[in-house]
Amino acid sequence: VQLQASGGGLVQAGGSLRLSCAASGRTFSSYAMGWFRQAPGKEREFVAIISRSGGSTYYADSVKGRFTISRDNVKNTVQLQMNSLKPEDTAVYYCAAGMVHTTTGAAYEHWGQGTQVTVSS
């Protein structure tokens, strides 16, 4: 599966952005989908994950209550709604597809190209 992330941009603190990730191929619903991010000079970190059916989600503590992950298995897309953004959310955000439902990035087989999110204070 090939992934294409979009929706990043520049936003003021307290604002919102909605990231989207479009997947090619007919096996999208076979994959758990995750969002990860990497800030300059930092390691990649887990943000959110959604199960194959969309019935189960899990978030990093740093974004819980502010971010919402969702998916559409008909349109082959996964979204990340980001509200109440903070400067520390600034990073390149990546969507990823994996056969294993895990927060460990190394376990994901397919990655999108990343989209930049910048939150100004």
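So, here's what we can say about the structure. (Residues numbered from 1 in each chain as written. Predicted model: local features only at pLDDT ≥ 70, side-chain atom pairs only at ≥ 80, totals over all residues. Heavy atoms only, no water.)

**Examining the state of the cysteines**
- What the rule picks out here adds up to 1 disulfide.
- Disulfide pairing places cysteine 21 opposite cysteine 95 at an S-S distance of 2.1 Å. On the sign convention where negative means left-handed, the S-S torsion of about 60 degrees between cysteine 21 and cysteine 95 marks this disulfide as right-handed. Here cysteine 21 is found in strand β3 (residues 17-23), whereas its partner cysteine 95 is found in strand β9 (residues 91-98), with 74 residues between them in sequence.
- For cysteine 95, a relative accessible area of 0% gives the class buried. (Disulfide = S-S within 2.5 Å. Helix = DSSP H or I, 4+ residues; strand = E, 2+ residues; numbered from the N terminus. Buried < 20%, exposed > 50% of the residue type's maximum accessible area, 1.4 Å probe, protein only.)

**Considerations on the pairing of β9**
- Counting buried positions along β9 gives 6 out of 8 residues, so the element sits mostly inside the fold.
- Pairing between β9 and strand β11 (residues 115-120): 3 bridges, direction antiparallel. Paired with tyrosine 93 across the strands is threonine 115, a residue of β11. (Pairing = 2+ DSSP bridges.)

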